[in-house]
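# Observations on the three-dimensional arrangement
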Amino acid sequence: MLIPSYNPGPRLAETVRTARAHWDPVWVVVDGSTDGSAALLETLALEDPGLRVLIRPENGGKGAALLDGLTAARAAGYTHALTMDSDGQHPAECIEGFMSASAAAPGAMILGAPLFDASAPRIRLRGRRIANAWTNLETLWAGIADTLFGFRVYPIAPLLEVMQQTRWMRRFDFDAEAVVRLSWRGVPARNLPAPCRYFTAAEGGVSHFHYWRDNVLLTWMYTRLFGGFLVRLPLLVARRIAR
Ligand SMILES: Nc1nc2c(ncn2[C@@H]2O[C@H](COP(=O)(O)OP(=O)(O)O)[C@@H](O)[C@H]2O)c(=O)[nH]1
Ligand SMILES: [Mg+2]
């Protein structure tokens, strides 16, 4: 499983430790972090052969880091990868369940359907509803429960193909564009509920999502994808009728 990481804050070590308690191997892609987390992880990896640290010297974004991780995973012979955030928001206890769902349906993408508690900021939930509406439209309601939640198992080969066809999908547009483009390619979505927590700054919560910058990025992404949606509309309609 892959954990992209950029200046993740104090929950990193615990996040990696719990991930390792549930899975072997865990690869962390350190994406030009400047907080000393690369050294911390390399120290942990010295004592743990199940932990591998990949280091990108410059920050390239979540999608760029996952692209590196996925490329290395395929070279090592893996066919599927679970992706999980480095800041403790994702439920490590769901890893085995997601991996078995993927083994049972290797052609599918296994998507976390986030269960939020009272810690979730209202503004993020509203943004999410808008993003989900766009994804539903552009996939013609192909059954994607949540377009932004990054706790997922992907089949590596089609995801790499999709990523190699665009120079976008490298930052926070990764999660949403990945599901839309994989869905267009006929990769079915299986949604599994998974709790998502938000931590306050005092609890060690860190976010690199910038409201304006990243909502502009997502709006631009849906605008870009709209052309692809129109071109594929006959195919998507035919698929819907077949279902
Ligand atoms: N590699 C890499 N990962 C990132 C970057 N920004 C965010 N991430 C990853 O994406 C996850 C989600 O980002 P985060 O900043 O927590 O956003 P939020 O959870 O949506 O508020 C983080 O936990 C990291 O694992 C980045 O620039 N590079
Ligand atoms: Mg986060």
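Notes on the structure in this doc start here. (Residues numbered from 1 in each chain as written. Chains lettered and ligands numbered in written order. Predicted model: local features only at pLDDT ≥ 70, side-chain atom pairs only at ≥ 80, totals over all residues.)

### With respect to the site of ligand 1
Of all residues adjacent to ligand 1, which total 17 residues, the nearest are Tyr-6, Asp-31, Ala-65, Asp-85 and Ser-207. Secondary-structure elements contributing two or more residues to the shell around ligand 1 are strand 1 (2–5), strand 2 (26–31) and helix 3 (62–75). Each residue belonging to the shell around ligand 1 can be placed in one class, and the counts come to six nonpolar, seven polar and four charged. (Near = placed C-beta within 6 Å. Helix = DSSP H or I, 4+ residues; strand = E, 2+ residues; numbered from the N terminus. Nonpolar A, V, L, I, M, F, W, Y, C, P; charged D, E, K, R; others polar.)

### Here's the deal with helix 5 (residues 122–138)
The terminal C-alpha atoms of helix 5 lie 25 Å apart, and with 17 residues this matches the ideal 24 Å at 1.5 Å per residue to within 8%. Of the residues making up helix 5, those classed as buried are Ala-131, Trp-134, Thr-135 and Glu-138. Along the long axis of helix 5, the arc covered by the buried residues comes to 100 degrees, so they all point the same way. Across helix 5 from its buried face, at more than 90 degrees, point the exposed residues Arg-122, Leu-125, Arg-126, Arg-129 and Ala-133. Against helix 7 (174–184) and helix 8 (211–242) lie the buried residues of helix 5. Leu-140 lies just past helix 5 and shows a positive phi near 50 degrees. (Expected span 1.5 Å × (residues − 1). Buried ≥ 20, exposed ≤ 12 C-beta atoms within 10 Å, placed from the backbone. Arc of directions from axis to C-beta. Contact = placed C-beta atoms within 7 Å.)

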